Structure formats: C-alpha cells, structure tokens
Amino acid sequence: MSEATLQGLLDYLYSTLTPDNMRWMAMHLMAHADADEGKVKPYTIEELHQMVAAGEQQFAEGKWQDSEDMFRELEEEFAAEELHHTEAVAF
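Residues numbered from 1 in each chain as written. Predicted model: local features only at pLDDT ≥ 70, side-chain atom pairs only at ≥ 80, totals over all residues. Heavy atoms only, no water.

(A) The arrangement of the pattern of salt bridges in detail. All told, the structure shown has four salt bridges when counted by the stated rule. Between Lys 63 and Glu 61 there is a salt bridge, with its nearest N and O atoms 3.1 Å apart. For Lys 63, a relative accessible area of 55% translates into the label exposed. Of the charged contacts in the structure, one is a salt bridge between Arg 72 and Glu 76, with a shortest N-O distance of 3.3 Å. Taken as a pair, Arg 72 and Glu 76 lie in helix α4 (residues 67-90) at a separation of four residues, close to a single helical turn. Glu 76 gets classed as partly exposed once you look at its relative accessible area, which sits at 45%. Overlapping salt bridges, with partners in common, bring together Asp 69, Arg 72 and Glu 76 in one network. (Salt bridge = Lys/Arg side-chain N within 4 Å of Asp/Glu carboxyl O. Buried < 20%, exposed > 50% of the residue type's maximum accessible area, 1.4 Å probe, protein only. Helix = DSSP H or I, 4+ residues; strand = E, 2+ residues; numbered from the N terminus.)

Set out below in structure tokens:
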C-alpha cells in the first residue's frame, strides 16, 4: 500500500477513533505484525533454479525493462499518488 494511502487511512482513524480505540487498535496491529514477522518461507534450490530459468526465458523473449524506465515509471506513480493525496486533503 502506498504511503499516501496509509496516510489517508491514518488521518481518517485520527478523526474517528477515541484515544482508547486507538490504543486498542495499535496493540492489536503490533501483535499481528510481530506474529507475522517470522513467517517468511525460504526458497528451495529447485525453486530458485526455476525462477532463474523463467527470468532468462523472459529476457530472451524481450520481456525486460531497463532501470531508467523503471525509475521513470515509479516517479510518475509517486507524483500521481502525491497529487491524489494533496487533492484529498484539500477537501
């Protein structure tokens, strides 16, 4: 989720929750985040080899993007999100 979306959600919660509700929600969010932290599944060697083969296949088919295009697209996406957030806050 984008930071702008999260900020919008946070602003909404600030304006609607009581201090006790905020504490309750914070406690539950922290407990859930702590419980999920160690659940990252490691890849097997076979899975890694499959990923490499799939990436090589995509590259051979011309399905790739250079870093300049990737960063340009990210900047455009961030600018659009910032504009959307700025417009949402203005209302």
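(B) A look at the layout of surface pockets. Its boundaries defined by the atoms lining it, the largest pocket holds a volume of some 250 Å³. If you trace the largest pocket, you find it lined by Glu 3, Leu 6, Gln 7, Leu 9, Leu 10, Leu 13, Tyr 14, Leu 17, Met 22, Met 25, Ala 26 and Leu 29. Among the secondary structure elements, those contributing two or more residues to the lining of the largest pocket are α1 (3-16) and α2 (19-36). Ranked by residues supplied to the lining of the largest pocket, first place goes to α1 with seven residues. Of the residues contributing to the lining of the largest pocket, the split by class is ten nonpolar, one polar and one charged. (1 Å grid on protein atoms, 1.4 Å probe; cavity = no way out; pocket = protein on both sides within 12 Å on 5 of 7 lines; lining within 4 Å. Points joined across faces, edges and corners; volume = space filled by probe spheres on them. Nonpolar A, V, L, I, M, F, W, Y, C, P; charged D, E, K, R; others polar.)

Honestly, that's just the spatial picture; any functional story needs more than this.
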